[in-house]
Amino acid sequence: MSAPSPTTETERETERELAALGEAPPSAEELALLAEAGDLTSDLADVASVARLASLAEPFACDDLSDLELHRAWRAVEQRSSAQAKPAGGGPRRWLLAAAGLAAAAAVVIVVLQPFPREQTAGRDDAQPDAERVAKVGSQARATLRTLDDGVSDSQRAERMAAEYQRQLEEHGG
Amino acid sequence: MRRASNIVLVVALGLFGSACTDAGEPAGERALDTRLEAHAVLASKPTAEGHRYVQAVAEAHREADRLERSAAIERLLAALEQQPPPDDGAAELLHYDLLARTAELMLEASAAERALALLEPHMDPATSLPIDRAAARGLIALGDAAAQTGDHRLAMGSYARALEMLSLLLEEVES
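Residues numbered from 1 in each chain as written. Chains lettered and ligands numbered in written order. Predicted model: local features only at pLDDT ≥ 70, side-chain atom pairs only at ≥ 80, totals over all residues. Heavy atoms only, no water.

Asks: Teacher, can you tell me more about the overall build of chain B here?
Replies: Regarding its fold elements, chain B presents seven helices and three strands. Reading chain B from its N terminus to its C terminus gives the helix and strand order β-α-β-α-α-α-α-β-α-α. Residue pairs in contact within chain B that sit at least 24 positions apart in sequence constitute 73% of those at least 6 positions apart. As presented, chain B carries roughly 7,000 Å² of accessible surface, and 50% of it is formed by carbon and sulfur atoms. (Helix = DSSP H or I, 4+ residues; strand = E, 2+ residues; numbered from the N terminus. Contact = heavy atoms within 4.5 Å. Areas by Shrake-Rupley, 256 points an atom, 1.4 Å probe, with all protein chains shown as cover.)

Printed below as a string of structure tokens:
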């Protein structure tokens, strides 16, 4: 089956980078993941840039964070971003895992630092994050979960674990 | 075989998540809570009790595969009545897989409130979850159930916790 044709510049760039690495073009599932991650972080031009993130996140609702807590928050993001940016060197599609991890970290930042807009919370005790943001973060979570899907059904996994458990029990003389 | 270790990781996100909540919030008002307490799952000695549990879960999944949705939900719920033995990692992971599958089927059946009632006691932010895809899946199902019932704070908090869990798993896969 042939790989789907990339339709956006990001997809074309991804395909070129993969070709330069001698890898196959991205699958439809991978392109969908890229699109979802891009959608979520479209207003975060450079996720790896802590300063940029901070400016985009303003004004955020965590006024009670101390300078030290803020510093720790950004440092955690920075460290995660740096870790994701290391050269791959492992098996194929590590770039996809790195991208998924980075997108997940970005989504967490959005959730933590912008739980809901200031204007929405003003004078209201029952303010909720807006449905659109909830849907986007939920979509990102599901997309990230799919990157860790090994294609094994619940039944198959349970059967395998039960068989392995029995083998281990027998080894221990049970 | 794997076992839940005594090492409990209080993920950094928890600090900031709780900092975002309002300490003066009235009781009963749900705050955005993104705390994630998680523990690694390590090898453990298999037991006869654990063996019976994993066999029962495998059988429940197998039977549920052959049933239509509502009957499958009831079959899986029956399996969930049995508690996994303590300090048994394999049983714990299968327990969370079972929870997630049951809740997902409930969501497919437009029974979000039922899924919420099922998941909330098991996935409370104060509960330490195993670092595994099954727990992330359960948190996402909890988020979906909360979103569908209009509790966007719980939905956002659950998705954030799921993303943090998935970040931990991705780091593990990459390393």
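Asks: What is the right way to read the environment of T102(B) from this model?
Replies: Residue and element names in this part refer to chain B. With respect to the helices and strands, T102 occurs in helix α4 (residues 89–108). Of the residues examined, T102 reaches a relative accessible area of 0% and is grouped as buried. Sequence-wise, T102 and L80 are 22 residues apart; in three dimensions their C-alpha atoms are separated by 9.1 Å. Once residues lying within four places of it in the same chain are set aside, the contact partners of T102 are I73, L76, L77, L80 and L118. (Buried < 20%, exposed > 50% of the residue type's maximum accessible area, 1.4 Å probe, protein only.)

Asks: Teacher, can you tell me more about the side chain of H95(B) here?
Replies: All names here are of chain B. Mapped onto the fold, H95 is located in helix α4. The exposure class of H95 is buried, given its relative accessible area of 4%. Dropping the residues within four chain positions of it, H95 is found in contact with Y53, L80, P84 and H122.

Asks: Help me out: how do you make sense of unusual backbone geometry in this one?
Replies: In most cases, non-glycine residues show a negative phi, while peptide bonds are predominantly trans. Residues and elements named next belong to chain B. At D87, a position not held by glycine, the phi torsion is positive, near 55 degrees. Positionally, D87 belongs in the loop between α3 (69–80) and α4. We note that S110 has phi near 60 degrees; this positive angle belongs to a residue other than glycine.

Take it as geometry only, folks, not as evidence of what the structure does.
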